[in-house]
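Summary of structural features
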Amino acid sequence: MLAASAGAAILLAGTPLARRLAFAAERPALPIPSELRPGPNGEVRLDASPSSAEFLSGVRTPTFGINGPYLGPAIRARSGENLHMHVRNGLAENITMHWHGLKIPGDVDGGPYNIIKPGGNWDIHLPVDQPAATCWFHPHIYPATAELVIKGLAGLFLIDDEQSDALPLPYTWGVDDIPVIIQDRHYSTDGSFFHRFNMAAVTTGYVGDVALINGAVYPQAKTARGWIRLRLLNGSNARSYRLAISDDRPFYVVASDGGLLEEPVRLGELMMYAGERYEVLVDARDGNPFELVTRPVSQLAMNLPPFDANLPLVTFLPDGADGRGRLPDALAQIEPLDADLPPVSQNFVMNMNLDDQGMKLFKDAGLMEMNKSGKSDPEILKKVRALLYDGPPLSAAQQHSANAVNGKSFALGEVSVNAPLGANLRWRLSEGDDRMLHPVHIHGCQFRILSISGNQPPAHMRGWKDIAPVEKGGFCDIQVAFRHPASRQNPFMLHCHILEHEDSGMMTDFTVS
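A brief look at the structure comes next. Small disclaimer: the values here were computed from a predicted structure and weren't measured.

Rules behind the numbers
- Residues numbered from 1 in each chain as written.
- Predicted model: local features only at pLDDT ≥ 70, side-chain atom pairs only at ≥ 80, totals over all residues.
- Heavy atoms only, no water.
- Helix = DSSP H or I, 4+ residues; strand = E, 2+ residues; numbered from the N terminus.
- Expected span 1.5 Å × (residues − 1).
- Buried < 20%, exposed > 50% of the residue type's maximum accessible area, 1.4 Å probe, protein only.
- Arc of directions from axis to C-beta.
- Contact = heavy atoms within 4.5 Å.
- Polar contact = N/O pair within 3.5 Å; in protein donor to acceptor, adjacent residues only side chain to side chain.
- Core = buried A, V, L, I, M, F, W, Y, C linked by side-chain atoms within 4.5 Å.
- Pairing = 2+ DSSP bridges.
- Axes fitted to C-alpha atoms, helices over the stretch in contact; angles between N-to-C directions.
- Salt bridge = Lys/Arg side-chain N within 4 Å of Asp/Glu carboxyl O.
- Phe/Tyr/Trp six-rings, centres within 6.5 Å; stacked < 30°, edge-to-face > 60°.
- Parallel < 35°, antiparallel > 145°, perpendicular 65-115°, else oblique.
- Nonpolar A, V, L, I, M, F, W, Y, C, P; charged D, E, K, R; others polar.

In this section: helix α8 (residues 378–390). For α8, with 13 residues, the first-to-last C-alpha span of 17 Å sits near the 18 Å given by 1.5 Å per residue. I380, L381, V384, L387, L388 and Y389 are the residues of α8 that are buried. All buried residues of α8 project into a common sector of 170° when viewed along the axis, lining one side. Opposite the packed face of α8, turned more than 90 degrees from it, sit the exposed residues P378, E379, K382 and D390. The inward-facing, buried residues of α8 contact α5 (199–204), α6 (355–365) and α7 (367–373). Of the residues flanking the start of α8, the one acting as N-cap is D377, its side-chain oxygen 2.9 Å from the backbone nitrogen of E379.

Structural data, given as structure tokens:
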């Protein structure tokens, strides 16, 4: 049943839109996470618990969820609020809860030091002191973040402010303001989510073969007719997505990780790395259905079927009432870059200690040869899938030392550097001898990308960011400042957001004082 359902989903994805719409009655509606607004005294309650869900027809998959069976609610707060967060751990293992994208002190950041034991609670005051943005939350416990996120522990954290209120952007949740959480999963034969720390995982990261959107396979969404706002989150452990609209209509990026851009940026496709968020507006005033699709990417092992061709992720049916939102000409004022920024004070180098061994496995299986030819080879695909899903697990010692930052694999309690509080800094994010992709995330801040391997970043990446891509032996220079302290007991993290890299040592911690 599992194989048949997965195969049907892949077969259906390859058919023209008109034919796919004929299957509408059999397809799930796009799940819309419920909004969770603070109570009268700022209370927000999150309960992580085990459950199960049906992603593929007739198959129950064991899951973890937050206030539900899979994924979590969309926390909705306003800039200036002081939230009282109550996080309960209903699981049989330790967790943490990290507020990804929030500019907050280290003791409430939810990194690997803020452990919530089974049956325990974490009660903190969380100051929301930043512009409107689409952020998110997920566990960050070392070395098990990857598996907890795969099982479903993640959710959106939306921030509103007066500036965003004044803009005519689409704002009706689930009608013309649509969350789109993109994940990929591979299912074991018993229907459970596959995850294993083998050599392939610490090399390329998690490789799924089924796309989930808000926890559903190839769903459809009935929306307003008019301008539609998509809040995109790449919630995958490792996979990048090259997103486009099925009929090649353009879309407009209005916000990145840390909030609104200065003006909309018109694009035909958008590359999204693991952990990134973008808000885009799509013109659906004609009422014609369209699909969000992902195109093939060059990331290692991420172009296996069904991701070897344009893959529809979700269908939008804009046949509702006319929406009131529109595309503004201007969005937000962003403070100019510091003209007197000092030279690079820190260079954080992402290292892959087992890169040669991992790459040799894929090369010997024929993956590089197949990619070069541009044609799928069933025998090579079989060998590559065996590496991904049948390769033996590494020992704990091998896993924890597989990757590193600045030549040192992560170890709890070993702080690397201290950043001065409040100062504008120039940091460099780079990689060692490997040429793999590393989307680097920094806690406790939002930063500006100054250059990508010496080149100006594209317009949609010139706003506030908390993830910067490093690949092909290159580097990113960023302007960053930390407005909140982080102690040795509760430091901030800097790491690759390919979660299998993070959980295998590609992370370091730092203080701010």
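Our next topic: the environment of G58. Take G58: it is sitting in the loop between β2 (43–56) and β3 (59–66). In the structure, G58 is positioned 168 residues away from G226 in sequence and 36 Å away in space, judged by C-alpha atoms.

A few words now on the nonpolar core. Membership of the largest hydrophobic core comes to 112 residues, with the highest contact counts inside it found for W427, I442 and F482. Per element, the largest residue contribution to this core is 6 residues, and it comes from α8. Listed in part, the 30 residues of the second largest apolar core include F64, L83, L91 and W99.

Before going further, it helps to spend a moment on the sheet that holds strand β7 (residues 121–127). Spatially, β3-β2-β5-β7 is the arrangement adopted by the 4 strands of the open sheet, whose pairing is mixed. The open sheet is flanked by β3 and β7, the only strands paired with a single partner. Averaged over all neighbouring strand pairs, the angle between strand axes comes to 25°, with direction disregarded. In the sheet, strand β5 (residues 82–89) pairs with β7 via 7 bridges, with the strands oriented antiparallel. Bridge assignment links L83 to a residue of β7, and that residue is L126.

On to the pattern of salt bridges, then. In the structure shown here, the tally under the stated rule is 24 salt bridges. Here R37 ties to E35 by a salt bridge, and the two come within 3.3 Å at their closest N and O atoms. What makes E35 partly exposed here is its relative accessible area of 30%. With a shortest N-O distance of 3.9 Å, D319 and K222 are connected by a salt bridge.

With that settled, consider unusual backbone geometry. Note that the residue after Y142, namely P143, is joined by a cis bond; omega there is 0°. By the element assignment, P143 lies in the loop between β8 (133–138) and α3 (145–151). Of note in the backbone geometry, N406 takes a positive phi value of approximately 55° without being a glycine. Its place among the elements puts N406 in the loop between β22 (403–405) and β23 (415–419).

The next thing to look at is the pairing of β3. Extensive coverage of β3 is indicated by the burial of 6 of its 8 residues. Two elements, β2 and β3, share 7 bridges in a ladder whose sense is antiparallel. Directly across from S49, in β3, lies its bridge partner G65. Between the antiparallel neighbours β2 and β3 lie 2 residues, among them G58 with a positive phi of about 80°.

Counted according to the given criterion, the structure contains 18 aromatic pairs. Ring plane angle 85° and centroid distance 5.3 Å describe the contact between F194 and Y389, whose orientation is recorded as edge-to-face. Highlighted residues: F194 in the loop between β10 (177–185) and α5 and Y389 in helix α8, separated in sequence by 195 residues. For F194, a relative accessible area of 9% translates into the label buried.

Attention now moves to the packing of α6 against α8. One way to put it is that α6 packs onto α8 with a least axis distance of 8 Å and a crossing angle of 155°. With respect to α8, the axis of α6 lies roughly antiparallel. Touching L361, F362 and A365 of α6 are I380, K383, V384, L387 and L388, all from α8. Residue composition of the contact of α6 with α8, grouped by class: 7 nonpolar, no polar and 1 charged.

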